[in-house]
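Secondary and tertiary structure notes
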Number of protein chains: 2
Amino acid sequence: MDGVVALPAFPVVLVTIGRNIITVGAFHFYSFDPPSVMIGIKPKHYSHGLLAQAGEFAVNIPLAAQLEQVELCGELSGRDADKFEQTGFTPIPAVKINAMLIGECPVNLECRVVHRVAHPGSHEWFVGEVVAVHIDSGYTRDDALMFWLGQFRAVGGLIKGKPNDLLFNH
Amino acid sequence: MDGVVALPAFPVVLVTIGRNIITVGAFHFYSFDPPSVMIGIKPKHYSHGLLAQAGEFAVNIPLAAQLEQVELCGELSGRDADKFEQTGFTPIPAVKINAMLIGECPVNLECRVVHRVAHPGSHEWFVGEVVAVHIDSGYTRDDALMFWLGQFRAVGGLIKGKPNDLLFNH
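Residues numbered from 1 in each chain as written. Chains lettered and ligands numbered in written order. Predicted model: local features only at pLDDT ≥ 70, side-chain atom pairs only at ≥ 80, totals over all residues. Heavy atoms only, no water.

1. Some points on the relation of the copies chain A and chain B
The condition that has to hold: Copies overlap after least-squares fitting; the atoms used are the C-alpha atoms of residues with pLDDT of at least 70 in both. Residues are treated as being in contact if the distance between any of their heavy atoms lies within 4.5 Å.
The two copies are related by a screw motion: chain A maps onto chain B through a turn of 180° and a shift of 0.0 Å along the axis, at an RMSD of 0.0 Å. Such values leave the two copies arranged in the relation of a two-fold axis. Measuring from the rotation axis to each C-alpha of chain A, the shortest distance belongs to Gly 156 of chain A, at 1.7 Å. When you check the interface residues of chain A against chain B, 100% turn up at the interface there too, and the contact is symmetric in its surfaces.

2. Re the pairing of strand E11 (residues 145–148) of chain B
Residues and elements named next belong to chain B. Our working definition: When DSSP locates at least two bridges between a pair of strands, those strands are taken to pair. Only runs of H or I of at least four residues qualify as helices and only runs of E of at least two qualify as strands under DSSP, and these elements are numbered from the N terminus.
Where strand E1 (residues 10–11) meets E11, two bridges bridge the pair, whose relative direction is antiparallel. When the bridges of E11 are listed, Pro 11 appears paired with Met 146. Pairing of E11 with strand E12 (residues 151–154) involves four bridges; the strand directions are antiparallel. Bridge pairing in E12 links Leu 145 to Ala 154.

3. Describing the nonpolar core
Formally: For our purposes a nonpolar core is just a set of buried Ala, Val, Leu, Ile, Met, Phe, Trp, Tyr and Cys residues, chained together by side-chain atoms within 4.5 Å. Relative accessibility under 20% of the residue-type maximum defines a buried residue, over 50% an exposed one, and the middle range a partly exposed one, all with a 1.4 Å probe and only protein chains included.
Core analysis: the largest hydrophobic core is formed by 80 residues, its most contacted members being Val 59 of chain A together with Val 59 of chain B. Each residue touching Val 59 of chain A, except ones within four places of it in the same chain, is listed here: Val 13, Leu 14, Val 15, Phe 27, Val 37, Val 107, Asn 108, Leu 109 and Cys 111 of chain A.

4. Considering the pattern of salt bridges
Note the following rule: Salt bridges are defined by distance alone: a side-chain nitrogen of Lys or Arg within 4 Å of a carboxyl oxygen of Asp or Glu.
Counted by the stated rule, this structure contains ten salt bridges over all chains. The closest approach of N and O atoms between Lys 160 of chain B and Glu 71 of chain A, which form a salt bridge, is 2.9 Å. Here Lys 160 of chain B, found in strand E13 (residues 158–161), pairs with Glu 71 of chain A, found in helix H2 (residues 67–75), and the two come from separate chains. Of the residues examined, Lys 160 of chain B reaches a relative accessible area of 42% and is grouped as partly exposed.

5. What to know about the pairing of strand E12 (residues 151–154) of chain A
Counting the residues between successive antiparallel strands, the hairpin from strand E11 (residues 145–148) of chain A to E12 of chain A contains two residues, one of them, Gly 150 of chain A, with a positive phi of roughly 90°. As paired strands, E12 of chain A and E13 of chain B are joined by three bridges and run antiparallel to one another. Its bridge partner being in E13 of chain B, Arg 153 of chain A is matched across the sheet by Leu 158 of chain B.

6. Let's talk about the sheet that holds E12 of chain B
The strand order E13(A)-E12(B)-E11(B)-E1(B) describes an open sheet built from four strands, whose pairing is antiparallel. Here the strands that pair on one side only, and so sit at the sheet edges, are strand E13 (158–161) of chain A together with E1 of chain B.

7. Let's talk about helix H2 (residues 67–75) of chain B
Put simply, the test is: This arc is taken over the directions from the axis of the helix to the C-beta atoms.
Of the residues making up H2 of chain B, those classed as buried are Leu 67, Val 70, Glu 71 and Cys 73 of chain B. Looking straight down H2 of chain B, one finds that the buried residues subtend no more than 160° of arc, so they occupy a single side. Facing away from the buried side of H2 of chain B by more than 90 degrees, the exposed set consists of Glu 68 and Glu 75 of chain B. Those residues of H2 of chain B hidden inside the fold are in contact with E13 of chain A together with strand E2 (13–17), strand E3 (20–24), helix H3 (83–87), E11 and E12 of chain B.

8. Considering H2 of chain A
Where H2 of chain A is concerned, the buried positions are Leu 67, Val 70 and Cys 73 of chain A. Looking at the buried positions of H2 of chain A, the neighbouring elements they touch are strand E2 (13–17), strand E3 (20–24), helix H3 (83–87), E11 and E12 of chain A together with E13 of chain B.

Structural data, given as structure tokens:
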């Protein structure tokens, strides 16, 4: 794990599968066309079986201010707890998939599983095509939360590039 | 691409294939055990064919201060330019694979391709098992460079977690 620990930080997201919520640090885009993302889940986790069965999930991008709820969703198991009740988050029915979105998260991506990566490892990666998108009008990238092995971080400051208001068409 | 543009930032890395250098924003870990990473490359790019043929690559994590070289490696094609010469970077032979490492980058991960993700999209993702690791003694996660569609960023400040000096065994 030596080398992997050297990576700086990745977005941490809350993934909803049905009414369950899991905290996922293994998350990236997969393709721009069609727009797709991917998430990695340990096969032994309860949520892995849920996702394999459901075949759809939502990515909810939390605010840095929601760190406490992000940690809670990472610690509790959906076997034992209703995480919407535990966190106080508001469940909002998704439009195109059968799952709850987290009302307090500024970005929700509704996804259908289109591929499972067939190579063994600590995680199994699921590719999901984005079939619906909800972005709060006030959201910018600065609001999100980053994580990697042992450290939660803010999104870093802009060094070079477009200002946030040129990135989104709200 | 609406939803994908909302993602905050990911590490941007320099990937060497033989003596070519490419800038890769599509990069994540794949598995802790065995330690593996993955990179996404557009099939139309020159480097895609190089990687498919070589079957091995190195991930070089650049410093935020190397932004100029990172941009240069993203703009030039390896078809036309020797990017070590263009950037002034020092090529260092890898130990376990047949590729050059970038001497000025504080982290180098030598990887062998063990899987290509068989689902179409704008990118093809290559999974590489990490077979050798080099980390400069002074490196911390704060030194790295982040990127996502249109914006280069610093690594964000620590909100909660271990200090950097507890993460690495230099």
